[in-house]
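# Close look at the chain arrangement
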Amino acid sequence: MDSVTVPNPQASAEVWNSLKQAIAHSSGFQRWLSEKQASVVVEQPTDLDACVTAYLRQALETLAY
């Protein structure tokens with residue numbers, strides 16, 4: 001029988017925070033953020049978590065297209 005691994009919430013949060021910081025320091029994210037800040041956007045995420053999530057969502061939508 002296969003064993004089931006239960007994710008550790010603390011470890012998952014640590015991985016997400018590390019990944020979020022790495023993405024936030026990437027040139028692609030910096031360019032995307034500067035473009036977003038330069039355009040007139042009514043609803044613009046302000047916290048890092050929301051910005052990285054929006055960036056990843058847009059990147060995946062672009063790749064899926």
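Here, the structure is the one placed above.
Residues numbered from 1 in each chain as written. Predicted model: local features only at pLDDT ≥ 70, side-chain atom pairs only at ≥ 80, totals over all residues. Heavy atoms only, no water.

### Some details on helix H2 (residues 27–38)
Across its twelve residues, H2 extends 16 Å between first and last C-alpha, which sits within 8% of the 16 Å expected from 1.5 Å per residue. Taken together, the buried positions of H2 are occupied by Gly28, Phe29, Trp32 and Leu33. Across the axial projection of H2, the buried residues extend over an arc of 130 degrees, all falling on one side. Summarising the geometry of H2, the exposed residues directed more than 90 degrees from the buried face are Ser27, Glu35, Gln37 and Ala38. Elements that come into contact with the buried residues of H2 comprise helix H1 (9–24) and helix H3 (48–64). (Helix = DSSP H or I, 4+ residues; strand = E, 2+ residues; numbered from the N terminus. Expected span 1.5 Å × (residues − 1). Buried < 20%, exposed > 50% of the residue type's maximum accessible area, 1.4 Å probe, protein only. Arc of directions from axis to C-beta. Contact = heavy atoms within 4.5 Å.)

### Quick word on the packing of aromatic side chains
Enumeration according to the criterion identifies three aromatic pairs in this entry. Each member of the aromatic cluster is reached from another via a ring pair, and the members are Phe29, Trp32 and Tyr55. (Phe/Tyr/Trp six-rings, centres within 6.5 Å; stacked < 30°, edge-to-face > 60°.)

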